[in-house]
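This is what each chain is made of:
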Amino acid sequence: MKQTFYSNGKLLITGEYLVLDGAKAFALPTKFGQSLIIEKSTNPGIEWKSFDADGQIWFEDVIPFSEIKNPLDNEAETIKSTLISILHEGYVLNPNFLNDTIGYSITTQLTFPKKWGLGTSSTLINNIAQWLQIDAFKLLNNSFGGSGYDIACAQNDSAILYHLEGGKSIVEKVTFTTNFTQHIYFVYLNRKQSSKTAIANYNANRNNDLIKSIAINNANTLEVLNAKTLQSFAHALEKHEAKMSIILETLTIKESLFPAFNGTIKSLGAWGGDFVMVVTETDPTDYFSSKGFNTIVPYNKMILS
């Protein structure tokens, strides 16, 4: 019997980094995501295949149950070792899935290019949690780490406000309906950014005014969410970007790469990689293409609504 699970990708609009310390984050689930297909097999262990959006296999291996129950102490972090770590933590939370079968044939299928950074890991973790009927937030925390906003996006089909409270994930579905989404675009920066590395940089650089920074973030987040005009929306994004620039002690993406652009550019998630949000009254395709950035996705083709 075949089981199929699916999870949404994510984009973090506000609250990047600070969400780790309890700040409110505004996030949007994407139309892109990942599926997980489970079939029992007569072959021992797990036969695993992961497909990219273009149908190419980007990971393939056979994982013995013994390595899931007792992972090898491997200092080198590889795709396989990361996957085994997730499966091991899933086994800790629900040991039964390895007890009643000889093996599994498992396939994952992305609907977005893996390099885009829309949640290859978070969609996988949420899918595995659905399969094993365990808490996806706990599985994330025990294996990969992070705030959990991406798991919240994986599980919801609408905009969310997300924050951590006493270590618990608080998810609030919100309405983000405007008459200016046709002026919002997402541009891929041609490089994948490591969430783990970015979080480490944040932890090293955050200043002593954390409580004040969180309060400013929360006010900016609500300003972004409740903006009624394109101009007020863009202004709120710019305020947020300027504040994070100070905290991270780094230039904004507009200052560093696109100083002449006529519009607003907001970093999303880990600064310096993956997608940025662009707010402009005119189609920015020609401008970004001339700079070598050819992946430009309009809001209505990217975001679930």
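Structure report, in brief. No experiment lies behind these values; they were computed from the predicted model shown.

Cut-off values and rules
Residues numbered from 1 in each chain as written. Predicted model: local features only at pLDDT ≥ 70, side-chain atom pairs only at ≥ 80, totals over all residues. Heavy atoms only, no water. 1 Å grid on protein atoms, 1.4 Å probe; cavity = no way out; pocket = protein on both sides within 12 Å on 5 of 7 lines; lining within 4 Å. Points joined across faces, edges and corners; volume = space filled by probe spheres on them. Helix = DSSP H or I, 4+ residues; strand = E, 2+ residues; numbered from the N terminus. Nonpolar A, V, L, I, M, F, W, Y, C, P; charged D, E, K, R; others polar. Expected span 1.5 Å × (residues − 1). Buried < 20%, exposed > 50% of the residue type's maximum accessible area, 1.4 Å probe, protein only. Phe/Tyr/Trp six-rings, centres within 6.5 Å; stacked < 30°, edge-to-face > 60°. Contact = heavy atoms within 4.5 Å.

The next thing to look at is the layout of surface pockets. Its volume calculated, the second largest pocket comes out at about 350 Å³. For the lining of the second largest pocket, the elements supplying multiple residues, two or more each, are helix H2 (79-93) and helix H4 (136-143). Considered class by class, the residues forming the lining of the second largest pocket number five nonpolar, eight polar and five charged.

Spacing of three or four residues puts side chains on the same side of an α-helix, whose turn is 3.6 residues. The end-to-end C-alpha separation of helix H3 (residues 120-132) is 18 Å, in line with the 18 Å expected for 13 residues at 1.5 Å each. Of all the 13 residues making up H3, 11 are buried; the element is thus mostly covered by neighbouring parts of the structure. Among the residues of H3, Thr120, Ser122, Thr123, Leu124, Ile125, Asn126, Asn127, Ile128, Ala129, Trp131 and Leu132 are the ones counted as buried. One or two steps after H3, the chain reaches Gln133, where phi turns positive at roughly 55°.

With that settled, consider the packing of aromatic side chains. In total, this model carries 19 aromatic pairs according to the counting rule given. Aromatic side chains Phe97 and Trp131 sit 5.2 Å apart centroid to centroid with 70° between the ring planes, which places their arrangement in the edge-to-face category. With Phe97 in the loop between H2 and strand E5 (103-110) and Trp131 in helix H3, this residue pair connects regions lying 34 residues apart in the sequence. For the pair formed by Phe97 and Trp131, the shared burial category is buried.

This part covers the environment of Ser305. Assignment of secondary structure puts Ser305 in the segment after helix H11 (299-302). Given a relative accessible area of 87%, Ser305 falls into the exposed group. When the C-alpha positions of Ser305 and Thr175 are compared, they lie 9.3 Å apart, and in sequence the two are 130 residues distant.

In this section: the environment of Asn218. Along the polypeptide, Asn218 turns up in helix H7 (residues 210-225). On the accessibility criterion, Asn218 (22% relative accessible area) is partly exposed. A sequence separation of 193 residues divides Asn218 from Ala25, and the C-alpha atoms of the two residues are 7.7 Å apart. In this structure Asn218 touches Ala23 and Lys24, once residues within four positions along its chain are discounted.

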